[in-house]
Amino acid sequence: MKLEKQDILKALETITVPGEGQNMVASGAVKNVMTFGDEVIVDITIANPTLQAKKKTEVEILKAIHEQVYEKAKITINVKVDAPAAKPKNEIKGKAIPGIKNIIAVASGKGGVGKSTVTANLAVTLSKMGFKVGVLDADIYGPSMPIMFDVENERPLATTIDGKSKMKPVENYGVKILSIGFFTQPNQAVVWRGPMAAKALNQMIFDAHWGELDFMLIDLPPGTGDIHLSIMQSLPITGAVVVSTPQNVALADAKKGVAMFQQESINVPVLGIIENMAYFTPEELPNNKYYIFGQEGAKNLASDLNVRFLGEIPLVQSIREAGDLGRPAAMQTATPLEKAFEKLTQNVVEEVVKRNDDLPPTEAIKITTMAGCSAVKK
């Protein structure tokens, strides 16, 4: 018997596509039908990736053709699964901190690039702009925020909230601060394994009364290790900022830092890259720029990685001195440094607003396999 294509299509119209409610032909699931005498080949695409759905589709096609067209037809069915893209793995619900609108992670692939200095000055500038700001010093092994905010000798006090005892962050220059440095002696090394460090971080995050904050800045340790994963498992990070110098050695590690946040199992939006120590201008030669660590390296990296270049901060002695004295350089008035940090902070705020308009809220990730800790090629 010679089978006709139209008869086959008519039979397939009696079958409903799993999960769609339309028949196979109307929905476009049937991609092709070919007949050769008593043989028929059906190419079909379904969205349901389960083996059960695939088997059910095959059985229904066989049954429909055998019963409605020809019971001895020789049928070949090619089922292709075209499932929608999987949702990002960081959409699993995590514990948010009530009252905190945006959480910005400040990271660097390499140590010594001025990440903590940038964090402190970003926080102070945000506060000067009228935002409510907090800083979590997550650099467990090298906490520096107590020095940079001149609160080395302060200690968080206990406060009772809804019948529970909470830590009250130390505050200076309009910025709330918590750091492991408040709980250790200046000459005491923190020799902890990862789980111990993660537990300490969780206490500073969830056992503290931060109140209402527009921005929480998290000063991450250098690199891409256990502390970073602990933070991103604990908190819904709004976005990340990566700090680097223009030097090739620093840029290579900054690239890894960006790749960490963009990894599929983490998927934290990268707001942009900041170039610190971009150039040196002597006080006596204000028009001269000396590119000690290279020129526009971080700017070029941002372009290569298709993320925003947030701005550059020059290598100026007063920035270091201000940090050591516990009065961030951004607090200076009517200086080029104040303007540089203001522009940088405005760009960060713009990216946060754009990110919140364009993307759904980031939720704390749940890493259950070693896949979340694997090396990523970018």
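Everything that follows concerns the structure shown earlier in this document.
This structure is a prediction, so every number in the text was calculated from the model and none was measured. (Residues numbered from 1 in each chain as written. Predicted model: local features only at pLDDT ≥ 70, side-chain atom pairs only at ≥ 80, totals over all residues. Heavy atoms only, no water.)

Visitor: Tell me about the nonpolar core, residues and numbers included.
Guide: Leu136, Trp210, Met216, Ile218, Ile231, Phe261 and Ile273 are the most contacted members of the largest nonpolar core, which has 42 residues in total. Elements with a minimum of two residues in this core: β4 (100-107), α5 (194-206), β10 (213-219), β11 (239-244), α7 (248-262), β12 (270-280) and α8 (297-305). It is α5 that provides the largest number of residues to this core, a total of 6 residues. Not counting the four nearest positions on each side in its chain, Ile218 is found in contact with Ile103, Ile104, Ala105, Val106, Leu136, Ala138, Ile231, Leu235 and Ile237. In this structure, Val135, Ile177, Leu271 and Val348 belong to the second largest nonpolar core, which totals 40 residues. (Core = buried A, V, L, I, M, F, W, Y, C linked by side-chain atoms within 4.5 Å. Buried < 20%, exposed > 50% of the residue type's maximum accessible area, 1.4 Å probe, protein only. Helix = DSSP H or I, 4+ residues; strand = E, 2+ residues; numbered from the N terminus. Contact = heavy atoms within 4.5 Å.)

Visitor: Explain the packing of helix α1 (residues 5-12) against helix α2 (residues 51-68) to me, using residue names and the numbers behind them.
Guide: Working note: a packed helix pair is described by the angle between its axes plus the distance between those axes. With their axes 9 Å apart at the nearest point, α1 and α2 run at an angle of 125° to one another. In terms of axis orientation, α1 runs oblique to α2. Here the hand of the crossing between α1 and α2 comes out right-handed. Here α1 contributes Ile8, Lys10, Ala11 and Leu12 to the contact with α2, which in turn contributes Ile61, Ala64, Ile65 and Gln68. (Axes fitted to C-alpha atoms, helices over the stretch in contact; angles between N-to-C directions. Parallel < 35°, antiparallel > 145°, perpendicular 65-115°, else oblique. Left-handed = near helix turned anticlockwise from the far one by under 90°.)

Visitor: If you had to explain the environment of Ile44 to someone new, which residues and values would you point to?
Guide: Tracing the chain through its elements places Ile44 in strand β2 (residues 39-46). Remark: the alpha-carbon pair of Ile44 and Ala29, spanning 15 residues in sequence, is separated by 5.4 Å. With residues up to four places along the chain from it excluded, the contact list for Ile44 reads Met24, Ala29, Val30, Lys31, Thr57, Ile61, Ile77, Asn78, Val79 and Lys80.

Visitor: Requested: an account of the side chain of Asp137, with residues and values cited.
Guide: Residue placement: Asp137 occurs in strand β5 (residues 133-137). It turns out Asp137 is buried and unbridged, and the closest side chain with the opposite charge, Lys115, is 6.7 Å from it. Polar side-chain contacts of Asp137 include one of 3.1 Å to the backbone nitrogen of Ser144. There is a polar contact of 3.1 Å between the side chain of Asp137 and the side chain of Ser179. (Lys, Arg positive; Asp, Glu negative; His and termini not counted. Salt bridge = Lys/Arg side-chain N within 4 Å of Asp/Glu carboxyl O. Polar contact = N/O pair within 3.5 Å; in protein donor to acceptor, adjacent residues only side chain to side chain.)

Visitor: Would you mind going over the environment of Glu275 in detail, with residue names and values included?
Guide: For Glu275, the position within the fold is in strand β12. Glu275 sits in the buried class, given a relative accessible area of 1%. For the pair Glu275 and Ser244, spaced 31 residues apart in the sequence, the C-alpha separation amounts to 5.2 Å. If we skip the residues at most four places from it in the chain, Glu275 touches Ser244, Pro246, Glu296, Gly297, Ala298, Lys299, Phe309, Gly311, Glu312 and Ile313. Side-chain polar atoms of Glu275 contact the backbone nitrogen of Gly297, separated by 3.2 Å.

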